[in-house]
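Chain and residue survey
One-letter residues, chain by chain:
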Amino acid sequence: MPDSATAVAAYTYYYPLVENLRQVNRYVTTGVGSNPATPFNTFSHARNLAGPQDTFVTINNDTVYSMAQLDLSGGPLRLTVPATGDRYYVLQFVDAWTNNIAYIGTRATGNTSGSFLIVPPGWTGTAAEPIVQASTNVVSIVGRFACTGPDDIPAVTAVQDATTITPLHPENALAGIPSPPEQADDAQQFWAEAQAWSAAFPAPQEEQELVDSFTSFWSATSDTDARRAGYAEGIAQLEEATKHGNSPVYNGWTVGLHLFDYNLYNLGLGTIDEPRWRNENQEQRILDRAIACRLGLWGNHAYEAVYAQAFTDIEQNPLVGANTYSMTFDSEPPVGAFWSITLYDIPRYYLVDNPIDRYSIGDRTAGIKYSDDRSLRIVISHAQPIDPIDLANWLPAPDAAFRLVFRLYVPGESILDGTYEYPQVLKASSEGQ
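- As annotated in an unreviewed UniProt entry, the chain carries the name DUF1254 domain-containing protein and is attributed to Lysinibacter cavernae.

Considering the overall build of the chain
- A tally of helices and strands in the chain yields nine helices and 19 strands.
- Here the C-alpha atoms of the chain give a radius of gyration of 22 Å, agreeing with the 22 Å that 2.2 N^0.38 yields for 433 residues.
- Counting every position in the chain, which comprises 433 residues, the buried fraction comes to 55%.
- For the chain, restricting intrachain contacts to residue pairs at least 6 apart in sequence, the fraction spanning at least 24 positions comes to 74%.
- Within the structure as shown, the chain displays about 17600 Å² of accessible surface, and the carbon and sulfur contribution to it stands at 51%.
- Between the averaged position of the 24 positive side-chain charges in the chain and that of its 49 negative side-chain charges there is a distance of 3 Å.

Quick word on the nonpolar core
- With 98 residues, the main nonpolar core has Tyr14, Trp253, Ile341, Ile380, Leu404, Phe406 and Tyr422 as its most contacted residues.
- Each of domain 1 (1-247) and domain 2 (305-427) gives at least three residues to this core.
- Excluding its chain neighbours within four sequence positions, the residues that come into contact with Phe406 are Trp253, Val306, Tyr307, Ala308, Phe329, Pro333, Trp339, Ser340, Ile341, Tyr420, Tyr422 and Pro423.
- Ranked by size, the runner-up nonpolar core spans 27 residues in total, among them Ala46, Ile101, Phe116 and Ile153.

Things to note about the side chain of Asp71
- Tracing the chain through its elements places Asp71 in strand S2 (residues 63-71).
- Among the polar contacts made by the side chain of Asp71, one reaches the side chain of Ser73 at a distance of 2.7 Å.
- Reaching out from Asp71, the side chain makes a polar contact with the backbone nitrogen of Ala175 at a distance of 3.4 Å.

A word on the sheet that holds strand S6 (residues 114-119)
- An order of S7-S6-S3-S9 is seen for the four strands of this open sheet, with the pairing classed as mixed. With partners counted over all chains shown, the strands left at the sheet margins are strand S7 (131-133) and strand S9 (164-167), one partner each. In this sheet, adjacent strand axes meet at a mean angle of 25 degrees when their direction is disregarded.
- Where S6 lies against S7, three bridges are found, and the strand directions are parallel. Counterpart to Leu117 in the pairing with S7 is Ile131.

Quick word on a negative patch on the surface
- Judged by side-chain charge, Asp330, Asp372, Asp373 and Glu421 come together as a negatively charged surface patch.
- Position of Asp373 among the secondary structure elements: in the loop between strand S15 (360-362) and strand S16 (376-381).

Quick notes on the pattern of salt bridges
- Under the defined criterion, the tally for this structure stands at 15 salt bridges.
- A salt bridge links Glu193 to Arg22; the nearest nitrogen and oxygen atoms lie 2.7 Å apart. Separated by 171 residues along the polypeptide, Glu193 in helix H3 (residues 186-200) and Arg22 in helix H1 (residues 4-29) bring together distant segments of the chain.
- Exposure remark for Arg22: the relative accessible area of 29% places this residue in the partly exposed category.
- Across the pair Arg278 and Glu280 runs a salt bridge, and its minimum N-O distance is 3.1 Å.
- For Arg278, a relative accessible area of 22% puts it in the partly exposed group.
- Assessed through its relative accessible area of 53%, Glu280 is described here as exposed.

Quick look at the sheet that holds strand S10 (residues 249-250)
- In spatial order, the strands read S10-S11-S12-S18-S14-S15; together these six strands make up an open sheet with antiparallel pairing. At either end of the open sheet lies a strand with only one pairing partner, and these are S10 and S15.
- Here strand S14 (residues 339-345) runs beside strand S18 (residues 402-409); their pairing, made up of seven bridges, is antiparallel. Pairing of Ile341 across the sheet is with Phe406, part of S18.

Here's the deal with the domain arrangement of the chain
- What the domain assignment reports for the chain is domain 1 (1-247) and domain 2 (305-427).
- Placing a centre on the C-alpha atoms of domain 1 and another on those of domain 2 gives a separation of 28 Å.
- Contact residues are listed per partner, giving 18 residues for domain 1 and 21 residues for domain 2.
- The largest per-residue losses of area from domain 1 upon contact with domain 2 belong to Pro52, Thr58 and Asp62, which jointly make up 34% of the total buried on that side.

Comments concerning the pairing of S2
- The element S2 is largely enclosed, with a buried count of nine among its nine residues.
- With three bridges connecting them, strand S1 (residues 43-45) and S2 associate as antiparallel partners. Bridge assignment links His45 to a residue of S2, and that residue is Ser66.
- With nine bridges joining them, S2 and strand S8 (residues 138-146) adopt antiparallel strand pairing. Bridge assignment links Thr63 to a residue of S8, and that residue is Ala146.

Comments concerning the pairing of strand S13 (residues 325-329)
- Counting buried positions over the five residues of S13 gives four, a clear majority of the element.
- Here S13 runs beside S16; their pairing, made up of five bridges, is antiparallel. Bridge pairing links Thr328 to Arg377 in S16.
- As paired elements, S13 and strand S19 (residues 426-427) share two bridges and run antiparallel to each other. Across the sheet, Tyr325 pairs through a bridge with Lys427, a residue of S19.

Side note on the packing of aromatic side chains
- Scanning all chains against the criterion turns up 34 aromatic pairs.
- Between Trp191 and Trp218 the ring centres are 6.0 Å apart and the planes differ by 80 degrees, which places this aromatic pair in the edge-to-face class. Here Trp191 is found in helix H3, whereas its partner Trp218 is found in helix H5 (residues 215-219), with 27 residues between them in sequence. Accessibility classification places Trp191 together with Trp218 in one group, the buried group.
- Chaining the aromatic ring pairs together yields one cluster made of Tyr11, Tyr13, Tyr14, Tyr15, Trp97, Phe190, Trp191, Phe214, Phe217, Trp218 and Tyr231.
- A cation sits over an aromatic face here: Arg364 above Phe338, 3.8 Å from the ring centre.

Cut-off values and rules
Residues numbered from 1 in each chain as written. Predicted model: local features only at pLDDT ≥ 70, side-chain atom pairs only at ≥ 80, totals over all residues. Heavy atoms only, no water. Helix = DSSP H or I, 4+ residues; strand = E, 2+ residues; numbered from the N terminus. Rg over C-alpha atoms; globule rule 2.2 N^0.38 Å. Buried < 20%, exposed > 50% of the residue type's maximum accessible area, 1.4 Å probe, protein only. Contact = heavy atoms within 4.5 Å. Areas by Shrake-Rupley, 256 points an atom, 1.4 Å probe, with all protein chains shown as cover. Lys, Arg positive; Asp, Glu negative; His and termini not counted. Charge placed at Lys NZ, Arg CZ, Asp CG, Glu CD. Core = buried A, V, L, I, M, F, W, Y, C linked by side-chain atoms within 4.5 Å. Domains from an automatic or database assignment. Polar contact = N/O pair within 3.5 Å; in protein donor to acceptor, adjacent residues only side chain to side chain. Pairing = 2+ DSSP bridges. Axes fitted to C-alpha atoms, helices over the stretch in contact; angles between N-to-C directions. Patch = residues over 30% accessible without salt bridge, like charges linked within 9 Å, V, L, I, M, F, W, Y side chains within 5 Å. Salt bridge = Lys/Arg side-chain N within 4 Å of Asp/Glu carboxyl O. Buried area = accessible area lost by both parts, 1.4 Å probe. Phe/Tyr/Trp six-rings, centres within 6.5 Å; stacked < 30°, edge-to-face > 60°. Lys NZ or Arg CZ within 6 Å of the ring centre and 35° of its normal.

The following block contains the structure:
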């Protein structure tokens, strides 16, 4: 019988693989929100900014998504991208284990047109164009194109439609994702998928010793009670870890500068393979990988985008819609692209429906009002503000607990080195109102 610590460790290890491939399956079978279902090796283009209908963990409301689920079992694919002018975009490549393995886009490769060859694990050929070397046969392209609002959609659509994938061997059959037999409960389903999918998409060879440590767990095939218990305790411990991780806190914002640094072995085109962006502590990076999947699946390395999150105000009281909060930016955050504050419900971390259809607020939000000194005061509440300036700068909240995410795209060095001063989230009473 496997001990409980081994069961929880196994859950933490395999959770990103299972959750990730479940989302991949959604994209190729039913679609997700504004992204319609499309087969492997084709793009699914959203035609609007995400909203509450897009039921995906911590989805952004800043960019229009173009998603592609790749199956490289049929051989290499050619990706073609158009010139995007001054529009920020990123095509992020995520393997089956949620490792960010490559980037194409404004920061990584520039905004000129070009083509790239995406090749399967073990491929040893040559190519004239830059190569994206996959680490697993299934890879997700998470494409984001900056969009200023509804009037900008036609221009974004044109760029999306010019971004294409072409199989070099379209005649080859695709293996897809194995479908284990349906199980009696959620716990057994999780473990069945973990076992099938880890066999189909092996973990990095460098992690084999860790994988071997779960042998006793997998060999106890008849001990369903232990598996159920490990599953339940794994969920509980991961939920607790999402709120009490080791990321630094600045003015109440938990800033995961290194939350996505768990990939050590498959850092390719457009990534930065430097000690600063490598977490060598195996226990911590495996936990970080699970936390990152739970809080922000398919999030970027910090050098592409920083995600700061707040569950509480500056006095460490939970954020709830019954209160009014504000934050003041004395100056624009130092970013190379743009920034935003987005609100999510708890515990799902989805966007929340509201009467003005505003799900994020930032430097590109139409109609926001700056003070004479160019500072910006944002108001967050469930009740609609009365003051005209507060109304212009209002981020609506649900009548319940919520979470804020502060995104900084192509962050400046003061953000990356931790010296940037984040705005405090202040409850109204804390301001003497």
